[in-house]
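# Fold and geometry: a report
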Protein chains: 2
Amino acid sequence: MVLFRRLLGDVLRSRRIEQGRTLRQLCADARVSLGYMSEIERGQKEASSELLASICAALDAPLSEILSEVSDAVALEEARIGLRLAEEIGLEVPSEVPGELSGHTGDDVVPSAA
Amino acid sequence: MVLFRRLLGDVLRSRRIEQGRTLRQLCADARVSLGYMSEIERGQKEASSELLASICAALDAPLSEILSEVSDAVALEEARIGLRLAEEIGLEVPSEVPGELSGHTGDDVVPSAA
C-alpha cells in the first residue's frame, strides 16, 4: 500500500536538505516541535492540513508544487508495485524498463551489443 | 490559507459523483463510516494515509492521479489568492487573465475595443 505520509515526508526532507537547513531551523520557522517534524519527515506521523501549509510556507514552496512532487513519487512507487506483481504472476516484463522503475541500480545490467 | 483536506475532499466527491455512486455505496467499499466519509468530502476531517489509500482503491483511482488533481486545484487557488493580493495592494492585474482564475463569470467583463 502506497502511503501518502511516507512520500510526503521524503519530499519535505529533500526540500529542506536542498536548502541546506537543519531540522531545528525549519521547525522554528514552521512553529512545530522538533520531534513531531522529525516524525513527519520519516512518514511516521500525519501532518494536518494547517501544519502542512505552515511547513510549505517555511520552505518557501507552494503547496501545489509539493503535492505535485509527491504525486510523481507515488506514481513511481505504483509502477514499481505493478511491475513486482506482474513478475510474481509470471508475466514477461519488458527488458527496456528503466532501471529506476524496476529497482535496478544498473550494476547488474548486462550491456547489450549495440 | 489553502487547505489540502478541502481540495482533496472536492476531488474525491467529484470522482464519486462522476461514477454515479452514492456516499453509502462508496463507504461500504472503502470500509469507512458514512459520517466520517461525508466529513472528508466536505474537507472537515483529515483522512489518514491508510484511509486515503482505501478510498482511492474503492474509487478505482490511483493515489498518484488523485494527488495530481488536488495539486492542480491547489495551484488554481494559489493563483486566485495571488491575484486578490495583487489587487489589494493596487497592482495592475492584466485584463487577459482568464475568468476562471480571477473568479469572474464573464458577465461583468466590459469588452475592450479590439
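To keep things clear, this report deals only with the structure shown in the data block.

About the criteria used
- Residues numbered from 1 in each chain as written.
- Chains lettered and ligands numbered in written order.
- Predicted model: local features only at pLDDT ≥ 70, side-chain atom pairs only at ≥ 80, totals over all residues.
- Heavy atoms only, no water.
- Contact = heavy atoms within 4.5 Å.
- Salt bridge = Lys/Arg side-chain N within 4 Å of Asp/Glu carboxyl O.
- Helix = DSSP H or I, 4+ residues; strand = E, 2+ residues; numbered from the N terminus.
- Nonpolar A, V, L, I, M, F, W, Y, C, P; charged D, E, K, R; others polar.
- Expected span 1.5 Å × (residues − 1).
- Buried < 20%, exposed > 50% of the residue type's maximum accessible area, 1.4 Å probe, protein only.
- Core = buried A, V, L, I, M, F, W, Y, C linked by side-chain atoms within 4.5 Å.
- Disulfide = S-S within 2.5 Å.
- Axes fitted to C-alpha atoms, helices over the stretch in contact; angles between N-to-C directions.
- Parallel < 35°, antiparallel > 145°, perpendicular 65-115°, else oblique.
- Left-handed = near helix turned anticlockwise from the far one by under 90°.
- Least-squares fit on C-alpha atoms with pLDDT ≥ 70 in both.

## Focus: the interface of chain B and chain A
- Each partner contributes to the interface: chain B provides 22 residues, whereas chain A provides 22 residues.
- Between Glu50 of chain A and Arg5 of chain B there is a salt bridge; the shortest N-O distance is 2.7 Å.
- Of all the elements in the fold, those that place two or more residues in the side of chain B that touches chain A are helix H1 (4-18), helix H4 (49-58) and helix H5 (63-88) of chain B.
- Ranked by residues supplied to the side of chain B that touches chain A, first place goes to H5 of chain B with nine residues.
- For the side of chain B that touches chain A, the class distribution of residues is 13 nonpolar, five polar and four charged.

## Considerations on helix H1 (residues 4-18) of chain A
All names here are of chain A.
- With 15 residues, H1 extends 21 Å from end C-alpha to end C-alpha; this agrees with the ideal 21 Å at 1.5 Å per step.
- The set of residues buried in H1 consists of Phe4, Arg5, Leu7, Leu8, Gly9, Val11, Leu12, Arg15 and Arg16.
- Gly20 lies just past H1 and shows a positive phi near 65°.

## Observations concerning the nonpolar core
- Phe4, Ile55 and Val70 of chain A together with Phe4, Ile55 and Val70 of chain B are the most contacted members of the largest nonpolar core, which has 52 residues in total.
- Among residues more than four places away in sequence, those in contact with Phe4 of chain B are Phe4, Ser49, Leu52, Leu63 and Leu67 of chain A together with Leu67 and Val70 of chain B.

## Some points on the state of the cysteines
All names here are of chain B.
- In the structure shown here, the tally under the stated rule is zero disulfides over all chains.
- Take Cys27: it sits in no disulfide, and the sulfur closest to it among the cysteines is that of Cys56, at 14 Å.
- Under the relative-accessibility criterion, Cys56 is labelled buried at 3%.

## As for the pattern of salt bridges
- Summed over the entire model, instances satisfying the criterion amount to 16 salt bridges over all chains.
- Linking Glu65 of chain A and Arg15 of chain A is a salt bridge whose minimum nitrogen-to-oxygen distance equals 2.8 Å. Of this pair, Glu65 of chain A sits in helix H5 (residues 63-88) while Arg15 of chain A sits in helix H1, and the two are 50 residues apart along the sequence.
- Accessibility expressed as a relative area gives 37% for Glu65 of chain A, which makes it partly exposed.
- A relative accessible area of 12% places Arg15 of chain A in the buried class.
- For Glu46 of chain B, the salt bridge goes to Arg5 of chain B, with nearest N and O atoms at 2.5 Å. Placement of the pair is Glu46 of chain B in the loop between helix H3 (34-41) and H4 and Arg5 of chain B in helix H1, with a sequence separation of 41 residues.
- By relative accessible area, Glu46 of chain B is classed as partly exposed at 26%.
- Residue classification places Arg5 of chain B among the buried positions, given a relative accessible area of 13%.
- One salt-bridge network, in which partners are shared between bridges, spans Arg5 and Glu46 of chain A together with Glu50 of chain B.

## Quick word on the packing of H1 of chain B against H5 of chain B
Residue and element names in this part refer to chain B.
- Viewed as axis vectors pointing N to C, H1 and H5 meet at an angle of 125°, and their least axial separation amounts to 9 Å. Comparing the axis directions of H1 and H5 gives the class oblique. As H1 packs across H5, the resulting crossing turns out to be right-handed. Facing H1, whose interface residues are Phe4, Arg6, Leu7, Leu8, Val11, Leu12 and Arg15, H5 presents Glu65, Ile66, Leu67, Glu69, Val70, Ala73, Val74 and Glu77.
- By residue class, the composition of the contact of H1 with H5 is ten nonpolar, no polar and five charged.

## Focus: the relation of the copies chain B and chain A
- Structural alignment of chain B on chain A gives an RMSD of 0.0 Å, achieved by rotating through 180° and translating 0.0 Å along the axis. The relationship between the two copies is best expressed as a two-fold rotation axis. Considering only C-alpha atoms, the part of chain B nearest the rotation axis is Ser68 of chain B, at 2.9 Å.
- Of the residues that chain B buries at the interface, 100% are likewise interface residues in chain A, meaning the two copies contact each other through the same surface.

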